[in-house]
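Reading the structure
Residues per chain are reported as follows:
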Amino acid sequence: MDQILNQLGGLVLGSVPTMVLFILLVAAYGLLVRRPLDRVLAERRARTSGAIEQARRAIAAAEAETAAYEEKAAPRQG
């Protein structure tokens, strides 16, 4: 049993550098990739929603002009 525990202790001790490197890699990913990517995606989302809102306003204005034109062009009966 002592031999197994000694081997397990050696394996755990040997894996410490790997764990430290993995934690550093995750932290570097967060700083170098994730944050800039989130920032760009948020900006893109804001621009897209702004463009959609602008398109909706343009459609509403075009519909209003069309309605006004049709009202003027409709023959009057009476």
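Now for a look at the structure at hand. From a predicted model like this one, the values you see are computed outputs, not experimental measurements.

Some details on the overall build of the chain
- When its secondary structure is counted, the chain shows 1 helix and 0 strands.
- Here the chain has a C-alpha radius of gyration of 33 Å; the compact-globule value for 78 residues is 12 Å, and the former is much larger.
- Projecting the C-alpha coordinates of the chain onto the three principal axes gives extents of approximately 110 × 25 × 5 Å.
- Counting only residues that meet the buried cut, the chain has 0% of its 78 residues in that class.
- Put simply, the chain shows about 7,400 Å² of open surface, and 64% of that area lies on carbon and sulfur atoms.
- When the 10 positive and 8 negative side-chain charges of the chain are each reduced to one mean point, those points stand 5 Å apart.

Thoughts on the pattern of salt bridges
- Under the counting rule described, the total for this entry stands at 2 salt bridges.
- One salt bridge in this structure joins Asp-38 and Arg-34, with 3.2 Å as the shortest N-O distance. On the criterion of helical spacing, the pair formed by Asp-38 and Arg-34 is a turn pair, its members being 4 residues apart in helix H1 (residues 2-73).
- With its nearest N and O atoms 2.9 Å apart, the salt bridge here joins Arg-47 to Glu-43. Here the residue Arg-47 and the residue Glu-43 both occupy positions in helix H1, the gap between them amounting to 4 residues, near one helical turn.
- Glu-43 gets classed as partly exposed once you look at its relative accessible area, which sits at 41%.

Considerations on H1
- In this model H1 runs 99 Å from its N-terminal to its C-terminal C-alpha over 72 residues, within 8% of the 106 Å that 1.5 Å per residue would give.
- If you look at H1, its biggest bend is around 40°, right at Gly-30.

Looking at the environment of Arg-45
- Residue position: Arg-45 is located in helix H1.
- For Arg-45, a relative accessible area of 56% gives the class exposed.
- Residues Arg-45 and Ile-4 lie 41 residues apart in sequence; the distance between their C-alpha atoms is 55 Å.

Remarks on a nonpolar patch on the surface
- Together, Leu-13, Val-16, Met-19, Val-20, Leu-21 and Leu-24 give the surface a local cluster of nonpolar side chains, amounting to about 580 Å² of exposed area.
- Looking at where Met-19 falls in the secondary structure, it is placed in helix H1.

What counts, and at which threshold
Residues numbered from 1 in each chain as written. Predicted model: local features only at pLDDT ≥ 70, side-chain atom pairs only at ≥ 80, totals over all residues. Heavy atoms only, no water. Helix = DSSP H or I, 4+ residues; strand = E, 2+ residues; numbered from the N terminus. Rg over C-alpha atoms; globule rule 2.2 N^0.38 Å. Buried < 20%, exposed > 50% of the residue type's maximum accessible area, 1.4 Å probe, protein only. Areas by Shrake-Rupley, 256 points an atom, 1.4 Å probe, with all protein chains shown as cover. Lys, Arg positive; Asp, Glu negative; His and termini not counted. Charge placed at Lys NZ, Arg CZ, Asp CG, Glu CD. Salt bridge = Lys/Arg side-chain N within 4 Å of Asp/Glu carboxyl O. Expected span 1.5 Å × (residues − 1). Bend = angle between axes of the 7 residues up to and from the residue. Patch = residues over 30% accessible without salt bridge, like charges linked within 9 Å, V, L, I, M, F, W, Y side chains within 5 Å.

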